[in-house]
Amino acid sequence: MTLVKWNNKTNNALLPGFNDVFESIFNDTFFNDRMVTRVPAVNISESNDHYHIELAAPGLKKQDFKISVDHDQLSISVEQQTEQNDRKFNKREYSYTSFVRSFTLPELADQDRIEAAYEDGVLKIDVAKKEEAKTVSRQIELK
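Quick summary incoming for the structure in this document. Note that the structure is a prediction, hence the values are computed from the model and not measured.

## Points about the overall build of the protein
Here is step 1 of the chain: Scanning the protein from terminus to terminus reveals two helices and seven strands.
Here is step 2 of the chain: Reading the secondary structure of the protein in the N-to-C direction produces α-α-β-β-β-β-β-β-β.
Here is step 3 of the chain: Taken across its 143 residues, the protein has 20% of its residues classed as buried.
Here is step 4 of the chain: Taking all contacts inside the protein whose residues are at least 6 apart in sequence as the whole, residues at least 24 apart take part in 53%.
Here is step 5 of the chain: For the protein, the computed accessible surface area is about 11700 Å², with 49% contributed by carbon and sulfur atoms.

Laid out in structure tokens, this is it:
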């Protein structure tokens, strides 16, 4: 079975290439190939006692990552050597051979208590909150 991209273009005889300009802007490959796939997607969430960062980076190994903290900047970087092979990609939506993502940590983050794990293509980083940042909840009685 051969995969062929279906192209339903109508050429304008008076302005050849006019549709091609808009297609290159709005076609998903324009944005995916040039912008989105250069850095992995990130989810950032917060619980009562931690900030959570999840970075989707399939195809990497945990030793490919370098995670550092400098002042209030958390940086995640990858520098991976690409192996030469004879595969020719028809479409490539993820290829993270090198990137850097940096995040400014909140003032209430405890930079001495950061843990990271990489499993199933997702890098998970947990940044503990300082004691004064932990939310205290209580039930309020109605009178």
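## Regarding the side chain of Asp64
Here is step 1 of the chain: Structurally, the position occupied by Asp64 is in the loop between strand 2 (50-56) and strand 3 (65-70).
Here is step 2 of the chain: As a buried residue without a salt bridge, Asp64 has its nearest oppositely charged side chain in Lys61, at a separation of 5.3 Å.
Here is step 3 of the chain: In terms of polar contacts, Asp64 uses its side chain to reach the backbone amide nitrogen of Lys61, at 2.9 Å.
Here is step 4 of the chain: Contacts of Asp64, omitting those with residues within four sequence positions, involve Ser77, Val78, Glu79 and Gln80.

## Here we look at the environment of Ser98
Here is step 1 of the chain: Examined against the element boundaries, Ser98 turns out to sit in strand 5 (residues 98-104).
Here is step 2 of the chain: For Ser98, a relative accessible area of 39% corresponds to the partly exposed category.
Here is step 3 of the chain: It is 9.4 Å that separates the C-alpha atoms of Ser98 and Asp64, two residues lying 34 residues apart in sequence.
Here is step 4 of the chain: Apart from the residues within four sequence positions on either side, Ser98 is in contact with Arg38, Val78 and Glu79.

## Section: the pairing of strand 4 (residues 73-79)
Here is step 1 of the chain: Across six bridges, strand 3 lies against strand 4 in antiparallel orientation. Bridged to Val69 within strand 4 is Leu74.
Here is step 2 of the chain: The turn linking strand 3 back onto strand 4 is made up of two residues, and His71 within it adopts a positive phi angle of 60°.
Here is step 3 of the chain: Strand direction decides the pairing type here: strand 4 and strand 5, joined by seven bridges, are antiparallel. Looking at strand 5, one finds that Ser75 is bridged to Ser102.

## Side note on the sheet that holds strand 7 (residues 122-129)
Here is step 1 of the chain: The strand order 1-2-7-6 describes an open sheet built from four strands, whose pairing is antiparallel. Whereas interior strands pair on both sides, the edge strands pair on one side only; in this sheet they are strand 1 (42-46) and strand 6 (109-119). Each neighbouring strand pair of the sheet contributes to a mean axis angle of 15°, computed without reference to strand direction.
Here is step 2 of the chain: Of the strand pairs in this sheet, strand 6 and strand 7 are connected by seven bridges, and their pairing is antiparallel. By the bridge assignment, Ile114 is partnered in strand 7 with Val127.

## A short note on the nonpolar core
Here is step 1 of the chain: Within the largest apolar cluster, 18 residues are counted, with the highest numbers of intra-cluster contacts made by Leu55, Leu60, Phe65, Ile76, Phe99, Leu123 and Ile125.
Here is step 2 of the chain: At the level of elements, strand 2, strand 4, strand 5, strand 6 and strand 7 are the ones that each hand at least two residues to this core.
Here is step 3 of the chain: Once you skip the residues sitting within four places of it in the chain, Leu60 turns out to touch Phe65, Val78, Gln80, Tyr96, Phe99 and Tyr118.

What counts, and at which threshold
Starting from 1, residues in each chain are numbered consecutively following that chain's sequence as written. For this predicted model, a pLDDT threshold of at least 70 governs which residues receive local features, and a threshold of 80 or more governs which side-chain atom pairs are given and counted, while totals over whole chains, interfaces and linings are taken from all residues. Note that the side-chain values use all heavy atoms of the structure and ignore hydrogens as well as water. Secondary structure elements follow DSSP: runs of H or I no shorter than four residues count as helices, runs of E no shorter than two count as strands, and numbering proceeds from the N terminus. Here's how the labels work: a residue is buried when its accessible area is under 20% of the maximum for its type, exposed when over 50%, partly exposed in between, all with a 1.4 Å probe on protein chains only. We call two residues contacting when some pair of their heavy atoms lies within 4.5 Å. Using the Shrake-Rupley algorithm and a 1.4 Å probe, accessible areas are obtained, with residue cover drawn only from the displayed protein chains. When charges are counted, Lys and Arg contribute as positive and Asp and Glu as negative, whereas His and the chain ends are disregarded. Any carboxyl oxygen of Asp or Glu within 4 Å of a side-chain nitrogen of Lys or Arg constitutes a salt bridge here. The definition of a polar contact used here is a pair of N or O atoms within 3.5 Å, where within protein one atom must be able to donate a hydrogen and the other to accept one, and adjacent residues in sequence count solely through side-chain atom pairs. In this description, strands pair whenever DSSP reports at least two bridges between them. For helices, the fitted axis covers only the stretch in contact; all axes are lines through C-alpha atoms, and the angles between them, taken along N-to-C directions, range from 0 to 180 degrees. Put simply, a nonpolar core is a bunch of buried Ala, Val, Leu, Ile, Met, Phe, Trp, Tyr and Cys residues held in one set by side-chain atoms that sit within 4.5 Å of each other.

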